[in-house]
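Architecture and fold: a report
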Amino acid sequence: MDAPVPVQAPLNLHVPEPPQRPGSEIDFSALVVPPAGATRRPDTGTPAAEMTDLAYGLVRVLDDQGHAVGPWDPGLDPDTLVRGLRSMMTVRAYDERMQRAQRQGKTSFYMKCTGEEAIAVAQAMAVDRSDMLFPTYRQQGLLIARDWPLADMMCQVFSNAGDRLKGRQMPVFYSSREAGFFSISGNLGTQYSQAVGWAMASAIKGDTRIAAAWIGEGATAEGDFHHALTFASVYRAPVILNVVNNHWAISSFHGIAGGERTTFAARGLGYGIPSLRVDGNDFLAVHAATRWAAARARANLGPTLIELFTYRAAAHSTSDDPGKYRPENAGAHWPLGDPIDRLRQHLTASGVWSEARQEALAREVAETVQAAGKEAEALGTLDKGPFHSARTMFEDVYKTMPWHLERQRRQAGV
Ligand SMILES: Cc1ncc(C[n+]2csc(CCOP(=O)(O)OP(=O)(O)O)c2C)c(N)n1
């Protein structure tokens, strides 16, 4: 029966509020987490209308003991798993070094992806090296998993003499044509329509490469997200549309972007796009879901939307203090654990790992990051220079500099 409507009840709006604020107990008990292995794996031709359970459920492979269970187990060999672990550990060590460098004044800004390492790393490993990636600022793991030199990334963060972007981008807004890593834009969401456009062009040309895009759950509230989904669905663009739901958009919790009563994966269903919701801290589940989506794209079955369910364990960036808007240390209590610990536990449970191998890998990763740091810092840092000439800001946009830029350049005296 309908709820009774009081006579002349005043109307009011619902303004979502996060369940906890600073000072309150951390409580994730409202999360519904299905057991690992319980979610079915439909075949790749399944239409969106028959995938409601997957868009509201959660694909999980790793159980609490570190065993891979259920139909989504991608069956990766030990070498591939160790490669994934090494890349995730490298991302974390790289993040820590660059965060420290920011505190030391060597750069103005840095963004970590703590707790989200499995997403970029497993996804880069699940697509082909020639596929084109359209990331946000939190997918440094894509470059690292593609073995792009760490020193080159660091030079970009330091805006130094080795920065191929010549200091014209914000730190962490990497760009690498050779790595198939599209330039990061400060305007949230633009990469989604660019990825769909690129994928459509690939299909129009009869190419075999697919595209993948990432967006934060906060930015799904931007129009670009919805425009991209429309085009992707209508033309069955060969693209993987990832939504990284790390629960926070700076200080706004996911409810402000519409996550209170539905899932972000469910957004895809309304556009007729098959959609999966996946445990983003489960390396195997992320890999398997991405493989599934890539197979759909390559078979001309069109786009797939994947919500990667995770938690932003660290601050939004070096300019942010999460202690002002959520309980301290909330990330450490995330019920789906830490992606690096979980993959390591899996390798141990599979009998291919040991304490000694873990220590050796940690040492190797620390040395790699340290060596890259020295190499990059030898080319300068933001506090000490050398600095790129202001003249460079007028260059590299047009093949021939148009008259108005030429005039501005002269006015700037460079
Ligand atoms: C169009 C636009 N609006 C606002 C901003 C400011 N801004 C930068 S990051 C951010 C939060 C984005 O959160 P989310 O999409 O969830 O990604 P996350 O940072 O959590 O990875 C905002 C609002 C921006 N850069 N561009």
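Residues numbered from 1 in each chain as written. Predicted model: local features only at pLDDT ≥ 70, side-chain atom pairs only at ≥ 80, totals over all residues. Heavy atoms only, no water.

**As for the UniProt feature "domain: 2-oxoisovalerate dehydrogenase E1 alpha subunit N-terminal" (unreviewed entry) in the chain**
The residues that UniProt annotates with the feature "domain: 2-oxoisovalerate dehydrogenase E1 alpha subunit N-terminal" (unreviewed entry) are residues 10-47. Taken end to end, residues 10-47 is 0% helix and 0% strand, and its two terminal C-alpha atoms sit 43 Å from one another. (UniProt positions renumbered as here; feature names shortened; annotations may be inferred. Helix = DSSP H or I, 4+ residues; strand = E, 2+ residues; numbered from the N terminus.)

**What to know about the nonpolar core**
In terms of nonpolar packing, the biggest core is built from 76 residues, with Tyr94, Tyr174 and Phe283 touching the most fellow members. Residues contacting Tyr94, with those up to four places away along its chain left out, are Tyr110, Ile144, Leu150, Met153, Met154, Val157, Tyr174 and Val369. In this structure, Met132, Val196, Ile215 and Ala237 belong to the second largest nonpolar core, which totals 27 residues. (Core = buried A, V, L, I, M, F, W, Y, C linked by side-chain atoms within 4.5 Å. Buried < 20%, exposed > 50% of the residue type's maximum accessible area, 1.4 Å probe, protein only. Contact = heavy atoms within 4.5 Å.)

**Some words on a nonpolar patch on the surface**
A cluster of nonpolar residues, Leu13, Val15 and Ile256, forms a patch on the protein surface that exposes about 360 Å² of accessible area. Positionally, Leu13 belongs in the segment before helix 1 (52-56). (Patch = residues over 30% accessible without salt bridge, like charges linked within 9 Å, V, L, I, M, F, W, Y side chains within 5 Å. Areas by Shrake-Rupley, 256 points an atom, 1.4 Å probe, with all protein chains shown as cover. Salt bridge = Lys/Arg side-chain N within 4 Å of Asp/Glu carboxyl O.)

**Quick look at the pattern of salt bridges**
Counted under the stated rule, the structure contains 24 salt bridges. Across the salt bridge formed by Arg298 and Asp128, the nearest N and O atoms sit 3.7 Å from each other. Here Asp128 lies in the loop between helix 3 (117-126) and strand 1 (132-134) and Arg298 lies in helix 9 (residues 283-298), a separation of 170 residues in the sequence. Assessed through its relative accessible area of 40%, Asp128 is described here as partly exposed. Between Arg168 and Asp396 there is a salt bridge, and its shortest N-O distance comes to 2.8 Å. In this pair, Arg168 is assigned in the loop between helix 5 (150-158) and helix 6 (190-204) and Asp396 in the loop between helix 11 (355-377) and helix 12 (403-412), connecting sequence segments 228 residues apart. Judged by relative accessible area, which is 33%, Arg168 ranks as partly exposed.

**Examining the packing of helix 5 against helix 11**
Helix 11 packs onto helix 5 with a crossing angle of 50° between their chain directions and a minimal axis gap of 8 Å. In terms of orientation, helix 5 and helix 11 fall into the oblique class. Seen from above, helix 5 lies across helix 11 with right-handed handedness. Residues Leu150, Ala151, Met154, Cys155 and Phe158 of helix 5 pack against Thr368, Val369, Ala372, Gly373, Glu375, Ala376 and Glu377 of helix 11. Per-class residue counts for the contact of helix 5 with helix 11 are eight nonpolar, two polar and two charged. (Axes fitted to C-alpha atoms, helices over the stretch in contact; angles between N-to-C directions. Parallel < 35°, antiparallel > 145°, perpendicular 65-115°, else oblique. Left-handed = near helix turned anticlockwise from the far one by under 90°. Nonpolar A, V, L, I, M, F, W, Y, C, P; charged D, E, K, R; others polar.)

**With respect to the UniProt feature "domain: Dehydrogenase E1 component" (unreviewed entry) in the chain**
The sites that UniProt annotates as "domain: Dehydrogenase E1 component" (unreviewed entry) are residues 86-380. Measuring from the first to the last C-alpha atom of residues 86-380 gives 28 Å, for a span that is 42% helix and 11% strand.

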